[in-house]
Number of protein chains: 2
Amino acid sequence: MKRSFNVVQADLARTLEPFGLRMITFTALILIVDNPDLSQTQLASALTVERSNLVTIVDDLEGKGWIVRNPAPNDRRSHALRATREGHRMCERAVKAAREHEERLLAALGKAERETFIAALQTIERAKREEQDGTDGKL
Amino acid sequence: MKRSFNVVQADLARTLEPFGLRMITFTALILIVDNPDLSQTQLASALTVERSNLVTIVDDLEGKGWIVRNPAPNDRRSHALRATREGHRMCERAVKAAREHEERLLAALGKAERETFIAALQTIERAKREEQDGTDGKL
DNA sequence: TATTGTTATACTCTATAACTATA
DNA sequence: TATAGTTATAGAGTATAACAATA
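Throughout what follows, the structure given in this document is the object of discussion. If you're wondering where the values come from, they're calculated on a predicted model, not measured in any experiment.

So, how was this worked out
Residues numbered from 1 in each chain as written. Chains lettered and ligands numbered in written order. Predicted model: local features only at pLDDT ≥ 70, side-chain atom pairs only at ≥ 80, totals over all residues. Heavy atoms only, no water. Helix = DSSP H or I, 4+ residues; strand = E, 2+ residues; numbered from the N terminus. Expected span 1.5 Å × (residues − 1). Buried < 20%, exposed > 50% of the residue type's maximum accessible area, 1.4 Å probe, protein only. Arc of directions from axis to C-beta. Contact = heavy atoms within 4.5 Å. Near = heavy atom within 4 Å. Polar contact = N/O pair within 3.5 Å; in protein donor to acceptor, adjacent residues only side chain to side chain. Nonpolar A, V, L, I, M, F, W, Y, C, P; charged D, E, K, R; others polar.

1. A closer look at helix α4 (residues 51-63) of chain A
Residues and elements named next belong to chain A.
Here is step 1 of the chain: Between its first and last C-alpha, α4 extends 18 Å over 13 residues, near the 18 Å set by a 1.5 Å rise per residue.
Here is step 2 of the chain: Looking at α4, one finds that the buried residues are Leu-54, Ile-57, Val-58 and Leu-61. Buried residues along α4 cover an arc of 100° about the axis, so they all sit on one side. Every exposed residue of α4 that faces more than 90 degrees away from the buried side is listed here: Ser-52, Thr-56 and Gly-63.
Here is step 3 of the chain: As for α4, its buried residues are in contact with α2 (23-34), α3 (40-47), β1 (67-71) and β2 (79-83).

Laid out in structure tokens, this is it:
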């Protein structure tokens, strides 16, 4: 079961590599695109990554010109993260590739099977998260 | 989907911790119990771990007295790994705990849902593995 | 006093090369 | 010459502590 996932994960990583994206920067980019003006602390929490480790992730995306660290209007400590136009384009392309990858992956499954599979994953995750900490993922 | 798995994986790790087992040493112990006189190269391949990195894993289990490195009868270079009586007991207890953990985890799912889920995981893994390399896992 | 982003650091995991003793 | 186990080492990923600027 664990192994199944490593195989899948490595495969997705290979799919994203040509885009200059790692799994974590890919997810980060999506979150920033979908939630403009996100702060780094919020993003770190959504990715379940330490704030300190998020720095290099944001550096990476900023260095490629796909996001910018704007000054937050109300709090001068914090950054309001935004995807650039290029970032939006990049995100769209990468998401498309990831979807195609997923399609290829789930091709071995029937349609009903596939829906059950996805639903089951989400159910398990939600149950576990709620059991562990009272906090619920907002994003 | 990736996140679902991290949550589950971290949870299983916490279940095994009181036994002094990590995910990888747990799997290694099971394989040794089920396949006596396995060589380290065979075990490394089954775990998809480099031979060099397997050393510390075997050291760990041997240091706890749960397995032994016997001299292989036919090849003086290689080790025949065997679980001790204590190792067998430990394995049994840990497997039981892991099963209970899995039960708790899948409790949120219906029975049919559960079976579909497990089958789907295996189908996906098999499809991917066969696509990538001609080799099939023997163990 | 607490929080945001940041740096430095340590610890684990993983990957590669080289060594030894055998084959 | 090739293989089994081992060592050393370098690279990622991740976790913790401390700091400056700001709240």
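2. Examining the protein's contact with DNA strand D
Here is step 1 of the chain: Neighbouring residues of DNA strand D: 17 residues in total, closest Ser52(A), Thr41(B), Ser52(B), Arg69(B) and Arg77(B).
Here is step 2 of the chain: A distance of 2.6 Å separates a phosphate oxygen of DNA strand D from a polar atom in the side chain of Thr41(B).
Here is step 3 of the chain: In the environment of DNA strand D, a phosphate oxygen lies 2.6 Å from a nitrogen or oxygen atom belonging to the side chain of Arg69(B).
Here is step 4 of the chain: Broken down by secondary-structure element, the contributors of at least two residues to the surface near DNA strand D are α4 of chain A together with α3 (40-47) and α4 (51-63) of chain B.
Here is step 5 of the chain: It is α4(B) that contributes the most residues to the surface near DNA strand D, 3 residues altogether.
Here is step 6 of the chain: Residue composition of the surface near DNA strand D, by class: 1 nonpolar, 8 polar and 8 charged.

3. Describing the protein's contact with DNA strand C
Here is step 1 of the chain: Neighbouring residues of DNA strand C: 17 residues in total, closest Thr41(A), Ser52(A), Arg69(A), Arg77(A) and Ser52(B).
Here is step 2 of the chain: Sugar and phosphate atoms constitute 57% of the interface atoms of DNA strand C, taking the interface as everything within 4 Å of the protein.
Here is step 3 of the chain: Gln40(A) places a polar side-chain atom, nitrogen or oxygen, 2.9 Å from a phosphate oxygen of DNA strand C.
Here is step 4 of the chain: In this structure, a base nitrogen belonging to DNA strand C sits 2.8 Å away from a side-chain N or O atom of Asn53(B).
Here is step 5 of the chain: Counting residues per element, the ones that place at least two in the surface near DNA strand C are α3 and α4 of chain A together with α4 of chain B.
Here is step 6 of the chain: At 3 residues, α4(A) tops the list of elements feeding residues into the surface near DNA strand C.
Here is step 7 of the chain: Residue composition of the surface near DNA strand C, by class: 1 nonpolar, 8 polar and 8 charged.

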